[in-house]
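Close look at the chain arrangement
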Amino acid sequence: MQRKKKISKKGNNNPKRTTIKWLWIVAMTPVAILALMLTLTSLGAFGRMPSFEELENPKSNLATEIYADNGEVIGSFFVQNRSYVQYDELFPQDSTALLTISGHTVPPLAAALIATEDARYYTHSGIDLVSLARVGVKTIALQRSSQGGGSTITQQLAKNLFPRGNRGDGKIVRMAKLVVAKFKEWITALKLEYNYTKEEIVAMYLNTVEYGSNSYGIKSAAATFFGKTPAELNLQEAAVLVGVVNAPTRYSPVRNPENALRRRNTVLKRIEAAGGITEAQYDSLSALPITLNYRPVSHNYGRATYFREMLRLTMNAKRPKRRNYYTSWDYEQACKEYDENPLIGWCHKNRKADGTPYDIYRDGLKIYTTINASMQEYAEAAVQQQLERVIQPAMDRQVKETGKLFLNLSPEEEEAIVKRAMRYSDRFRNMKQAGVSDKEIYASFSKKCEMKVFTYKGERDTLLSPRDSILHHKRIMRAAMVAMEPQTGHVKAYVGGPSFQYFKYDMAKQGKRQIGSTVKPFIYTFAIDHLGLTPCTMVPNLPVTIETAVGAAWSPKESGNVEYDGTLHPLRWGLAHSRNNYSAWIMKQAKQPEAVADFIHNMGILSFIDPVYALCVGSFESNVYEMVSAYSTFANEGVYNSPIFVTHIEDRQGNLISSFTSSSQDAISKESAYTMLTMLQNVITHGTGRRMGWAFNMHGVEIAGKTGTTNENRDAWFMGITPKLVAGSWVGGEDQSVHLTSSRGEGSVMALPIVGDFLRRVHSDPNINVNREDKFVRPASWQEVECEDAETPEAAAAIVQDEFFN
């Protein structure tokens, strides 16, 4: 019996207990495997995991933002148009717009996101086990593919910050990589929850996702779709943007407005379900249409497009190469400027903490410029209005009347211009790369096709051959304008052309043209500063002939029908009426064109000046940017300030990296500067600039200026000086053979109205500290001298006999 009992005891393996044991093993094995897999994943067995340092500073392509002088964003450089906001920047000013979700008071954007993507956001630590279980049941037990819902906001953030790699081709490989990727996301989500607050994670999520229309991050999306900041979005607008994230194209309010409306209402319904709004509020909001203020961000559109491109080229510039410059002078000046100006080539001259150069497209820099947002708007409007209403209609009439676009050219020269434009076009370049012969490419330019062309009334869809489109755009007149603060050298407005999308060449700083009579204030200043002459020095109105160094005689011609009557006039009369013979007379007294050229360089013109007598009528080339900076010397009491357009640069965290200041030098005396201002004021009141008074109500305003027109009216200029602002404009064609004839092409008609309209708008803005009452600084030692009236030709003849005048 004992033996049997022992045997019975030994075999007492209760089947029930064994079953329970195996059930526990079966149940716990997946948990153990899961724990093992998570441990191995966190240790990097299945690939590298992000470090805590990387979690603290996640890498993403952040757009560099460009700020106006009032802190307003006027543009950006980007690969992905993404800008960051902090959580507190999501809160609206009106506290009644806040909502309560899961017991937390949150801004509309956060409410929409949490209610839609992660209803239990405040109750989990990065992984929502309830949602995972639900997804598991749907996927495994019910054999249905889950359409999301298992990933928390934190997990989605982890996936956005550290994207999954290529999953491979095979089904098993794809499944295995998906599982490993999920493990990594879980672990990263837990780390994110450990490192950041719930509020910070919401902001990070909104900053990282794509919203469509080249908008990455909520700041860019709010500006693109609604023209607002994130804090200014109302609840229904927030719902639109949160809804877009799920499928940016399918739910785009621009491309698929009906889908977007349904998706927005789904988001609003989930906010109602989460207790954020009442049913009545939902009914009211869901009935509203989506109202957009769509402003897609592009390098081709927006404010200050030419300025932004100039800034981009400046910061990315490499050291100059001789082959890119026509003269040695220009090359040497470019090298000197590259070495002395820290902003030129800034991205190559500066390094990040890791030793790599800065990338303005990805590093999220903040560039603070001197541009005044309102002045920029006024400058662009003034250029557009003059071109649209006056200049282009005049050109169109001239072409219609004469049947010619290019003036004074042979048919062969005209064809050369058109062929050159063909060769520089994207069409020619693309076809050439595709292996198409030149003959076939040129033939394709004569075949009509649908295209868009530029007009001053807006873009136009048309059926046109590429060759005809070239001729059409050659006919479009161009203009440029720059405004600068003379006391600081700060550039306040910058317009390089009529449309950066169509005409990339910047005529404000990149392009150069002969400056014509706008050189004359420098010539007269030389006469006052170096020759001891005064505005009242009497000079006979007679032709002037100068023997040059090579033995040839040079005598300038006057524009229009001008008679040399021999009457004596004061020098200021010659400047007011822009007489070439008076400038030539000064050059004859100077005897050394080289000295005059050096003097002009010292005033701020850095472009090459051929030291010949003809420089006195503006035979050399410069640009609006240089001219405005040089003219600012007159308003700044004879001190030249180098132009500056960036004050400082910060990194993405707001840390100062670089700051910039203008350099200055004494160019002329205060007395000479003020004397020239009085002479240039006389140009406005009694000379070629009179239009400024009667057309733009500048009577009683202290304003000085000078018009300029080059041979055959190819280029029209005007430089305007006020005590606190100097502005200059240029008007002309892309090709110098495209220009207006007769008086229609003069600087007083073409270019002056741009500056006049701009200044009128500026004076009317109470928020700009530039007023009609501003006065030039008059030196205490300066004494006004009344000039005598013009004298007879007989009196002039006696003076001509004086050796000094020959």
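The structure under discussion appears in the preceding block.
Parameters and conventions
- Residues numbered from 1 in each chain as written.
- Predicted model: local features only at pLDDT ≥ 70, side-chain atom pairs only at ≥ 80, totals over all residues.
- Heavy atoms only, no water.
- Helix = DSSP H or I, 4+ residues; strand = E, 2+ residues; numbered from the N terminus.
- Buried < 20%, exposed > 50% of the residue type's maximum accessible area, 1.4 Å probe, protein only.
- Areas by Shrake-Rupley, 256 points an atom, 1.4 Å probe, with all protein chains shown as cover.
- Pairing = 2+ DSSP bridges.
- Salt bridge = Lys/Arg side-chain N within 4 Å of Asp/Glu carboxyl O.
- Axes fitted to C-alpha atoms, helices over the stretch in contact; angles between N-to-C directions.

Section: the overall build of the protein
Scanning the protein from N- to C-terminus turns up 30 helices and 24 strands. Here the protein holds 806 residues, and 49% of them are scored as buried. About 39400 Å² of surface is accessible on the protein, with carbon and sulfur atoms providing 52% of the total.

Quick notes on the pairing of strand 23 (residues 715-721)
Counting buried positions along strand 23 gives 7 out of 7 residues, so the element sits mostly inside the fold. Side chains of strand 23 alternate between two faces, with Asp715, Trp717, Met719 and Ile721 and Ala716, Phe718 and Gly720 buried alike. Adjacent in sequence and paired antiparallel, strand 22 (residues 704-709) and strand 23 are bridged by 5 residues, among which glutamate 712 carries a positive phi angle near 60°. Relative to strand 24 (residues 726-732), strand 23 runs antiparallel, the two sharing 7 bridges. Looking across to strand 24, one finds that methionine 719 is bridged to glycine 728. Between the antiparallel neighbours strand 23 and strand 24 lie 4 residues.

A look at the pairing of strand 9 (residues 460-464)
Where strand 8 (residues 449-453) lies against strand 9, 5 bridges are found, and the strand directions are antiparallel. Looking at strand 9, one finds that valine 453 is bridged to arginine 460. Counting the residues in the hairpin turn of strand 8 and strand 9 gives 6 residues, including glycine 458, whose phi is positive at 120°.

Section: the pattern of salt bridges
The full count for this structure, using the stated rule, is 29 salt bridges. For glutamate 388, the salt bridge identified is with lysine 457, shortest N-O distance 3.4 Å. Of this pair, glutamate 388 sits in helix 16 (residues 373-402) while lysine 457 sits in the loop between strand 8 and strand 9, placing them 69 residues apart in sequence. Between aspartate 438 and lysine 432 there is a salt bridge, with its nearest N and O atoms 2.6 Å apart. Aspartate 438 sits in the partly exposed class, given a relative accessible area of 25%. Here the salt bridges do not stand alone but share partners, grouping Lys474, Arg478, Glu734 and Asp735 into one network.

What to know about the sheet that holds strand 19 (residues 646-650)
Either a parallel or an antiparallel arrangement is found when strands of a sheet pair, and the pairing is made through backbone hydrogen bonds. With mixed pairing, 5 strands are arranged side by side in an open sheet as 2-1-7-19-20. Looking at which strands have only one partner, the edges of the open sheet turn out to be strand 2 (73-77) and strand 20 (656-659). Within the sheet, the average angular offset between the axes of one strand and its neighbour, ignoring direction, is 20°. With 3 bridges connecting them, strand 1 (residues 64-67) and strand 7 (residues 366-369) associate as parallel partners. Paired with tyrosine 67 across the strands is tyrosine 368, a residue of strand 7.

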